[in-house]
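Tertiary structure, described
Now for the letters of each chain:
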Amino acid sequence: MRQPSQPDVPDTDTATTSPHLAALSLAEKAALTSGRNDFTTEAAPAADVPSFLLADGPHGLRLPRPDGSQAALRSEKAATCFPPAVALGSSWDVDLARRVAAAIGAEAAAHGVKVVLGPGINIKRSPLCGRNFEYFSEDPLLAAELGGAMVRGLQGAGVGACVKHYAANNQETDRMRVSADVDPRPLREIYLRAFERIVRRDRPWSVMAAYNGLNGTPVTEHTWLLTDVLRTEWGFDGVVVSDWGAVVDRVAALRAGLDLQMPGIGPRPDEEVAAAVARGELPEAVLDRAVARLARLATRPDPSGADTDPESLHEAHHRLAAEAADRCVVLLKNDGGLLPLDPSRGAVAVIGELARTPRYQGGGSSQVTPTRLENVLDHLTELSDGARVDFAPGYTLPGGPDVADPAEDGVASADDSGTQTTADDRLRAQAVRLACAADTTVLFLGLPGQEESEGFDRDHLDLPERQLDLLRAVLEVTSRVVVVLSNGGVVRTSPWDERVPALLEGWLLGQAGGGALARVLFGAVDPSGRLAETIPLRLQDTPSHLSFPGDEGHVRYGEGVFVGYRGYDARDTPVAYPFGHGLSYTTFAWTDLAVTPGTGAELDDTAATFAVTVTNTGSREGREVVQFYTSLPGSAVARPVRELRGFATVELAPGESGRVSVSVRRRDLAHYSVREDAWHVEGGGYVVEAAASSRDVRLSGTLEVTGDPSHVRLTGRNTLTEWLAHPVGGPLLAERLSGLDTTAGDHGGLLADPAVLRFLAGVPLDVIADFPVSPLDRADVTALADAAARGAAPSSS
């Protein structure tokens, strides 16, 4: 990965300084590049640059006080709380993500918010990351498609998106200091790929620079990341804003390409900038360009909905939140068709405090004060069609209702028989009695908010022990058990799920999630969510396990490109539920995979179109998600078994068929070549798979792809294998050796002997030339290298 020297003045930004801005003093310009307070920017009345308001997202607004300050991690006003990204990612629904973001944008406009701080598109490198509930997926394509849709939705409503957290921000442990040490290929293919796709295609108004460092340099001071890649290579022309509190050296950050430091912390950083310019340490042109970008954002026209009463939007947006939640629920298991629930069979026991006290969002800066909040217990009662629905809390939640004397929680007392019991024992016994008397038991389990949040990572993947004790006790008295999970990060389901016939992953579903879970359980909605991340059998199986969260200020991304399903599948590691998995109440048949090659040779040209016919073979309407993966057997570089290249959804009535297709660009097939220091399409026969998950391949085909020419100049330090693989140098070397007189003992048969080829495969050509009995000498190697660079045959020696 090239690390160019830091330019004094980035030459890629198209912003120009207006006469009004040119009239500003140095101190006034410096002040524009830092916040006025927690969530507003400074104004420059003399240059007609207004202050503007930013607000946390990304699944709803966390609104600061009217003056832009905040008192705590809560919203001053109510806003619609949509499903967080952990759930929305499982919808695999691009248009739904766009509509959700458009609704958030409408509310933002009504509250005078110029920029919403979202979406978050970081990769779920480890299931332990405390902020995984804010991120979509372990796969960069899925994160890019859903995150890009949110950018389009927000900005279509006239409000800026701020794509975050750029980049390699994949843990909370030591998050403000840790250096993510990532090799060039995984950095490009996994951790930058979603950012690149969104910046190039969707043109976000702003990008947030992360807290962490990248390969030893703080991201806010990383010229290669903020200027060379983001602006020069990808063409970003918006504002780079720091994460709140991420700037250490304001002058270095401004020089590297950061435009806005947030929050405002007083005059010191502005004075440092002005002094650096005055001393000649920071070119004033660097400051001017940052000011011009900020002025352009600040003076964008107000959106058309800026005068709307926010409360007038709430009812329609709650309905959209409910529709979104319906799409996000994942049916992991349904042995014997236990679901959907049949009210005619008898009483339903609803067990678990989470049924009454829902977890609907994660902790930290993204917390929304919802306009209303549903719980699943009320909705199950409404949809039960008169069947008896009985409830027992089963366990307590911190901050939940007083289902037992809090002073007794975990404290032993004696019952009538003299046996010592605790509040948990008594709640569990009550729940077991209820399960004994019911036809079906629906058990709600999950993570309390105190166990996952921004600011810290989890230590394990297990459910709380008191909940597992409850599950074991219930399974002792009934086998008709449905488990519903509520969690922002993956939880371990093994080995207990082997005894549970039906399992729903409910994630965190926003303010309307209670109704969605009830509708899925009773079959009013067909479950159509698909996992956007793998659920492992054990924490030790995760690809990042041995290098997360690092130590002594560094975390080594030792798994390389083998993140998530790429790593599990490459090692053939058993998993609980694979990436892309999800069941339905109906069935689908897939036929007629078609792979149509493209014709262009540029990275953004279409490489191929993949299409398949899906037929609903069941008895009810349903929605299928078709995933297309590719692989390249015999690749010259290490590759995953399969990689997601596109996906499509289709809704079908019983007996109905639909044709779905996706177009894949050559860029999507490219890997990042360290040798070429560029994206490179390797030629060959690609396997194309239409699949229902990374481990459920339904149809397969092939695609012949012409590779990109190499732009690497061969030298004597390249190995024999590298020479032979080169599209120009390989034939030249073969021709040179084939012309030798083998009968004279000059070893012209070198390439014909497999044993010799294998022995010399990793040997540089100039070393081979130095061997006493070599068929080449150094002059031959130089001539061959010159000829390969020209693309012509070498002169005979």
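One structure accompanies this document, and this report is about it. (Residues numbered from 1 in each chain as written. Predicted model: local features only at pLDDT ≥ 70, side-chain atom pairs only at ≥ 80, totals over all residues. Heavy atoms only, no water.)

It is worth spelling out the overall build of the protein at this point. What the protein contains, in helices and strands, is 23 helices and 28 strands. In summary, the protein has a C-alpha radius of gyration of 30 Å against a globular reference of 28 Å for 797 residues, a match within 12%. Along the three orthogonal principal directions, the C-alpha set of the protein runs to about 100 × 70 × 55 Å. Taking all contacts inside the protein whose residues are at least 6 apart in sequence as the whole, residues at least 24 apart take part in 76%. Accessible surface, the protein: about 29400 Å² in total, of which carbon and sulfur atoms supply 50%. Across the protein, the centroid of the 74 positively charged side chains sits 1 Å from that of the 108 negatively charged ones. (Helix = DSSP H or I, 4+ residues; strand = E, 2+ residues; numbered from the N terminus. Rg over C-alpha atoms; globule rule 2.2 N^0.38 Å. Contact = heavy atoms within 4.5 Å. Areas by Shrake-Rupley, 256 points an atom, 1.4 Å probe, with all protein chains shown as cover. Lys, Arg positive; Asp, Glu negative; His and termini not counted. Charge placed at Lys NZ, Arg CZ, Asp CG, Glu CD.)

Turning our eyes to something else, we now look at the packing of aromatic side chains. This model, assessed by the stated rule, comprises 10 aromatic pairs. Between Tyr166 and Phe195, the ring centres sit 5.2 Å apart and the planes meet at 70 degrees, which makes this aromatic pair edge-to-face. Here Tyr166, found in strand 3 (residues 160-166), pairs with Phe195, found in helix 7 (residues 193-202); they are 29 residues apart in sequence, far enough to count as distant. On the numbers, 6.1 Å between centres and 85 degrees between planes, the contact of Tyr565 with Tyr629 is edge-to-face. Taken together, the positions of Tyr565 in helix 17 (residues 565-570) and Tyr629 in strand 22 (residues 622-631) put the pair 64 residues apart, joining distant regions of the chain. Here Tyr565 and Tyr629 have matching classes, each one buried. Put simply, the rings of Trp92, Tyr565, Phe579, Tyr629 and Phe647 touch in pairs and so form one group of aromatic residues. (Phe/Tyr/Trp six-rings, centres within 6.5 Å; stacked < 30°, edge-to-face > 60°. Buried < 20%, exposed > 50% of the residue type's maximum accessible area, 1.4 Å probe, protein only.)

What follows is about the pairing of strand 10 (residues 348-351). One face of the sheet, then the other: side chains in a regular strand alternate in exactly this way. Burial along strand 10 is two-sided: Val348 and Val350 facing one way and Ala349 and Ile351 facing the other are all buried. The handedness of the strand 10 to strand 11 (residues 389-392) crossover, carried by helix 13 (residues 376-383), is right-handed. (Right-handed = clockwise from strand over helix to strand, strands pointing away.)

Counting residues in hydrophobic clusters, the biggest one holds 188 residues, and the most contacted among them are Tyr166, Phe444, Val483 and Leu521. Sequence-distant contacts of Val483, defined by excluding residues within four places in its chain, comprise Leu443, Leu445, Leu471, Trp496, Val500, Ala502, Leu503 and Leu504. Listed in part, the 28 residues of the second largest apolar core include Val614, Ala648, Val660 and Val705. (Core = buried A, V, L, I, M, F, W, Y, C linked by side-chain atoms within 4.5 Å.)

This next bit is on the sheet that holds strand 6 (residues 213-214). The 4 strands lie next to each other as 7-6-4-18, forming an open sheet whose pairing is mixed. Each end of this open sheet is capped by a strand with a single partner; those strands are strand 7 (217-218) and strand 18 (554-556). In terms of strand pairing, strand 6 meets strand 7 through 2 bridges, oriented antiparallel. In the sheet register, Leu214 faces strand 7, and the bridge partner there is Thr217. (Pairing = 2+ DSSP bridges.)

For helix 23 (residues 778-790), built from 13 residues, the straight-helix expectation of 18 Å at 1.5 Å per residue is met to within 8% by its first-to-last C-alpha distance of 19 Å. Residues of helix 23 that are buried include every one of Asp780, Val781, Leu784, Ala785, Ala787 and Ala788, and no others. Looking straight down helix 23, one finds its buried side chains confined to an arc of 165 degrees; they lie on one side. Across helix 23 from its buried face, at more than 90 degrees, point the exposed residues Ala779 and Arg790. On its buried face, helix 23 sits against helix 19 (720-725), helix 20 (729-738) and helix 22 (765-770). The N-terminus of helix 23 is capped by Asp777, whose side-chain oxygen sits 3.1 Å from the backbone nitrogen of Ala779. (Expected span 1.5 Å × (residues − 1). Arc of directions from axis to C-beta. Polar contact = N/O pair within 3.5 Å; in protein donor to acceptor, adjacent residues only side chain to side chain.)

Below, the discussion takes up the environment of Asp390. Mapped onto the fold, Asp390 is located in strand 11. Between the C-alpha atoms of Asp390 and Ala437, which are 47 residues apart in sequence, the distance is 9.7 Å. For Asp390, the residues in contact, after removing those within four places along its chain, are Val348, Ala349, Val350 and Leu434.

The next point concerns the packing of helix 13 against helix 16 (residues 513-522). At a closest axis distance of 7 Å, the pairing of helix 13 and helix 16 adopts a crossing angle of 40 degrees. Our classification of the angle between helix 13 and helix 16 gives oblique. Viewed along their axes, helix 13 and helix 16 form a crossing whose handedness is right-handed. Along its contact with helix 13, which presents Val376, His379, Leu380 and Leu383, the element helix 16 presents Gly514, Gly515, Leu517, Ala518, Arg519, Leu521 and Phe522. A per-class count over the contact of helix 13 with helix 16 returns 7 nonpolar, 3 polar and 1 charged. (Axes fitted to C-alpha atoms, helices over the stretch in contact; angles between N-to-C directions. Parallel < 35°, antiparallel > 145°, perpendicular 65-115°, else oblique. Left-handed = near helix turned anticlockwise from the far one by under 90°. Nonpolar A, V, L, I, M, F, W, Y, C, P; charged D, E, K, R; others polar.)

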